[in-house]
Amino acid sequence: THGALGALAGAVCFPQDPVAQAACVVGSMTPDGPFTLIYMRDKILKGVYNQAGLSKLDWAIYNSSHSFVVWATLGLVGYLLGWSTVPVWQAFFLGALVFHIIVDTLTHNGKKIGMRDGEYLWPFGTFQVPFAWEYRTGEDHLWPKPFEAVVLVVAIVAMIMLHLR
């Protein structure tokens, strides 16, 4: 879902720059990269993924990759280095911050399904949007849920329409 949203954002915001479009897709999926490796490690080595069994290091990796603080710091560093004028950096940062971190903040309320979610203000603590909507059905349910399927179809149709015009 993050990748489809990143692809659509890249197509809309950088219509003549396929490299920036790709950077938006990569950025939108990057925050989940480290945790995907943790998930795969547990599935391969233990045969099962169990969120309750994650170590403090695993949670630190997840929290840092989903932290507004970390991404704001990366944005500031990019700005100070002059990268803020580079479309690839803009696209990557747009994908990561808007189409991953903000989307997760608004759609992940793990308390409703007995899951723990990231500390979006890590390392300073946690933050939960009081009105966050939870569409997930539980841990280790990776197939697109109905909401995700709708988002994917809408994003694909919108990208096709953009391409055809």
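Residues numbered from 1 in each chain as written. Predicted model: local features only at pLDDT ≥ 70, side-chain atom pairs only at ≥ 80, totals over all residues. Heavy atoms only, no water.

Sorry, what's going on with the overall build of the protein chain here?
When helices and strands are counted, the protein chain shows seven helices and zero strands. Counting from the amino terminus, the protein chain carries its helices and strands in the arrangement α-α-α-α-α-α-α. For the protein chain, the residues scored as buried account for 36% of the 165 residues in total. For the protein chain, long-range pairs separated by at least 24 residues make up 65% of all intrachain contacts whose partners lie at least 6 apart in sequence. (Helix = DSSP H or I, 4+ residues; strand = E, 2+ residues; numbered from the N terminus. Buried < 20%, exposed > 50% of the residue type's maximum accessible area, 1.4 Å probe, protein only. Contact = heavy atoms within 4.5 Å.)

Teacher, can you tell me more about the pattern of salt bridges here?
Pairing between side chains of opposite charge can happen when the charged atoms of each approach one another. Per the counting criterion, the structure on display carries three salt bridges. The closest approach of N and O atoms between aspartate 58 and arginine 41, which form a salt bridge, is 2.9 Å. You can see aspartate 58 sitting in helix 4 (residues 56–65) and its partner arginine 41 sitting in helix 3 (residues 33–45), a full 17 residues away along the chain. Residue classification places aspartate 58 among the buried positions, given a relative accessible area of 5%. Since its relative accessible area comes to 31%, arginine 41 is described here as partly exposed. (Salt bridge = Lys/Arg side-chain N within 4 Å of Asp/Glu carboxyl O.)

Help me out: how do you make sense of the layout of surface pockets in this one?
Regions of empty space are outlined by a rolling probe, equal in size to a water molecule, passed over the atoms. Empty space within the second largest pocket amounts to approximately 160 Å³. As for the second largest pocket, its lining consists of Ala11, Val12, Pro15, Gln21, Met159, Leu162, His163 and Arg165. Those elements that place two or more of their residues in the lining of the second largest pocket are helix 1 (2–13) and helix 7 (146–164). Considering every element that reaches the lining of the second largest pocket, the biggest residue donor is helix 7, with three residues. When the residues that make up the lining of the second largest pocket are grouped by side-chain class, the tally is five nonpolar, two polar and one charged. (1 Å grid on protein atoms, 1.4 Å probe; cavity = no way out; pocket = protein on both sides within 12 Å on 5 of 7 lines; lining within 4 Å. Points joined across faces, edges and corners; volume = space filled by probe spheres on them. Nonpolar A, V, L, I, M, F, W, Y, C, P; charged D, E, K, R; others polar.)

Please explain the packing of helix 2 (residues 18–29) against helix 6 (residues 87–107) as it appears in this structure.
Helix packing for two helices is described by the angle between their axes and how far apart those axes are. It is the contact of helix 2 with helix 6, at a shortest axis distance of 7 Å, that shows an interaxial angle of 30°. When you trace helix 2 past helix 6, the crossing you get is right-handed. For the pair formed by helix 2 and helix 6, the contact residues are Val19, Ala20, Ala23, Cys24, Val26, Gly27, Ser28 and Met29 on the first element and Pro87, Val88, Ala91, Phe92, Leu94, Gly95, Ala96, Phe99 and His100 on the second. Grouping the amino acids of the contact of helix 2 with helix 6 by side-chain chemistry returns 13 nonpolar, four polar and no charged. (Axes fitted to C-alpha atoms, helices over the stretch in contact; angles between N-to-C directions. Left-handed = near helix turned anticlockwise from the far one by under 90°.)

I tried to follow the packing of aromatic side chains on my own but got confused; where do I start?
Per the stated rule, a full pass over the model turns up 10 aromatic pairs. Seen in terms of ring centroids, tyrosine 39 and tyrosine 49 are 5.0 Å apart; in terms of plane orientation they differ by 50°. Their pairing is tilted. You can see tyrosine 39 sitting in helix 3 and its partner tyrosine 49 sitting in the loop between helix 3 and helix 4, a full 10 residues away along the chain. Here tyrosine 39 falls in the buried class, since its relative accessible area comes to 17%. Both rings, one in tryptophan 59 and one in tyrosine 62, keep their centres 5.6 Å apart while their planes meet at 85°; by these two values the pair is edge-to-face. Here tryptophan 59 pairs with tyrosine 62, and both are found in helix 4, just three residues apart, close to one helical turn. (Phe/Tyr/Trp six-rings, centres within 6.5 Å; stacked < 30°, edge-to-face > 60°.)

Just to check I follow, could you spell out the nonpolar core for this structure?
Here is a general trend for soluble globular proteins: nonpolar side chains tend to be buried in one another's company. Core analysis: the largest hydrophobic core is formed by seven residues, namely Phe35, Ile38, Tyr39, Tyr49, Leu54, Trp59 and Tyr62. Sorting the residues of this core by element identifies helix 3 and helix 4 as the ones contributing at least two each. A total of three residues in this core trace back to one element, the largest contributor, which is helix 3. When residues no more than four places from it in sequence are discounted, the contact partners of isoleucine 38 are Leu54, Asp58 and Ile61. With six residues, the next largest nonpolar core counts Phe14, Ala20, Cys24 and Ala91 among its residues. (Core = buried A, V, L, I, M, F, W, Y, C linked by side-chain atoms within 4.5 Å.)

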